[in-house]
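Breakdown of the fold
Spelled out, the chains give:
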Amino acid sequence: NSSDLSPSFFVLASIPGLEAAHFWMAILLCSMYILAVMGNCAVLFIVKTEPSLHAPMYFFLCMLAAIDLALSTSPVPRVLSFYWFDTREISFGACLVQMFFIHTLSAIESTVLLAMAVDRYVAICHPLRHAAILTNAATAKIGLVAMARGVIFFLPLPLLLLPLPFCSSRVLSHSFCLHQDVMNLACANTTPSVVYGLTAILLVMGLDAILICFSYILILKAVLRLASWKERLKVFSTCIAHVCVVLAFYVPLIGLSVVHRFGKDLAPLVHIIMGNIYILAPALLNPIIYGVRTKQIQRRILNLI
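Residues numbered from 1 in each chain as written. Predicted model: local features only at pLDDT ≥ 70, side-chain atom pairs only at ≥ 80, totals over all residues. Heavy atoms only, no water.

In the nomenclature of an unreviewed UniProt entry, the chain corresponds to Olfactory receptor from the organism Cariama cristata.

Thoughts on the side chain of His-260
Structurally, His-260 is set in helix 10 (residues 229–262). By relative accessible area, which is 9% here, His-260 ends up buried. In terms of polar contacts, His-260 uses its side chain to reach the side chain of His-174, at 3.0 Å. Among all residues touching His-260, those that are not within four sequence positions of it are His-174, Leu-178, Gln-180 and Asp-181. (Helix = DSSP H or I, 4+ residues; strand = E, 2+ residues; numbered from the N terminus. Buried < 20%, exposed > 50% of the residue type's maximum accessible area, 1.4 Å probe, protein only. Polar contact = N/O pair within 3.5 Å; in protein donor to acceptor, adjacent residues only side chain to side chain. Contact = heavy atoms within 4.5 Å.)

Observations concerning the nonpolar core
With 82 residues, the main nonpolar core has Phe-10, Val-112, Leu-113 and Val-182 as its most contacted residues. The contact partners of Phe-10, leaving out residues within four places of it in the chain, are Arg-88, Glu-89, Ile-90, Phe-92, Cys-95, Phe-166, Arg-170, Leu-172, Val-182 and Leu-185. (Core = buried A, V, L, I, M, F, W, Y, C linked by side-chain atoms within 4.5 Å.)

A word on the state of the cysteines
Per the counting criterion, the structure on display carries one disulfide. You can see Cys-30 has no disulfide; the closest cysteine sulfur is in Cys-41, sitting 14 Å from it. Free of any disulfide, Cys-239 has its nearest neighbouring cysteine sulfur in Cys-125, separated by 8.8 Å. (Disulfide = S-S within 2.5 Å.)

Things to note about the packing of aromatic side chains
With the rule as written, the count across this model stands at seven aromatic pairs. Judged by centre distance (5.1 Å) and plane angle (85°), the rings of Phe-23 and Trp-24 are edge-to-face. A residue is classified by how much of its surface remains accessible, and Trp-24, at 61% relative accessible area, is exposed. Connected via pairs of aromatic rings, a cluster forms that spans Phe-10, Phe-92 and Phe-166. Here the guanidinium or amino end of Arg-170 rests over the ring plane of Phe-9, the centre of that ring lying 5.9 Å away. Between the NZ or CZ atom of Arg-232 and the centre of the ring of Trp-229, over which it lies, the distance is 4.7 Å. (Phe/Tyr/Trp six-rings, centres within 6.5 Å; stacked < 30°, edge-to-face > 60°. Lys NZ or Arg CZ within 6 Å of the ring centre and 35° of its normal.)

Considerations on the side chain of Thr-139
Within the secondary structure, Thr-139 sits in helix 6 (residues 136–154). Residue Thr-139 is classed as buried on the basis of its relative accessible area of 2%. Discounting residues that sit within four places of it in the chain, Thr-139 has contacts with Pro-56, Phe-59, Phe-60, Met-63 and Leu-134.

The structure is reproduced here in structure tokens:
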């Protein structure tokens, strides 16, 4: 029952009894990661080379693609190394850095999704003022604010874990490092870390989710004032892609939080699957959603093929 004030490593989680299947799990994970990288790189390339897509909505989409690339790349190569080469140990410093990038990039993505909701609100409810409000300069400033917001709120998370002692058991619940997972292994009072982590999530992801819902309430009110159902469906169809992207981000996030909070007795497989869905689902689904819903992107993809 010894503890160490400066732990040298943590042990990534494996699925008891399924060690022999790690190779095939890695093949599946690697395939999903490659598809996510190709899809998001295609979005970045198409928006960059297509002048008709040089608008705030597509600049936000580029930000989303870049964030998804970074968010999936932070843990996936290390996870593949674990599955293929059985390198289960991750150093304490690398774990904290990985944790910082995962949580910070998630916060940045949440802010960008809120900005995209505001873009849809202005485009539908105040179309004549859209070009004046959401200029290219304003879009760039929103991107910088999103980055600063993520770093400011989530940089303290690893710093709060640095002075904590850790027990002899250092086996994580996932194949990568998350704040709550690492914090649960500490042999000390973690109340400050718990309180700050919950506060940061509520003030960033929680507040963003509320404001996104409020934006769509205003959008629905504006849409319902239109004369015909055909016009209503046509206008609201411009929001369907964004709604799907919001669900692709928030549903895995909420599911992972529920598993951490109430799923302590669940099988390790559930924790690992939920974690992998959280880091890969948005990056994999977002290019597909916008590729299907955006005709300009469809045409460019077909031309490339």
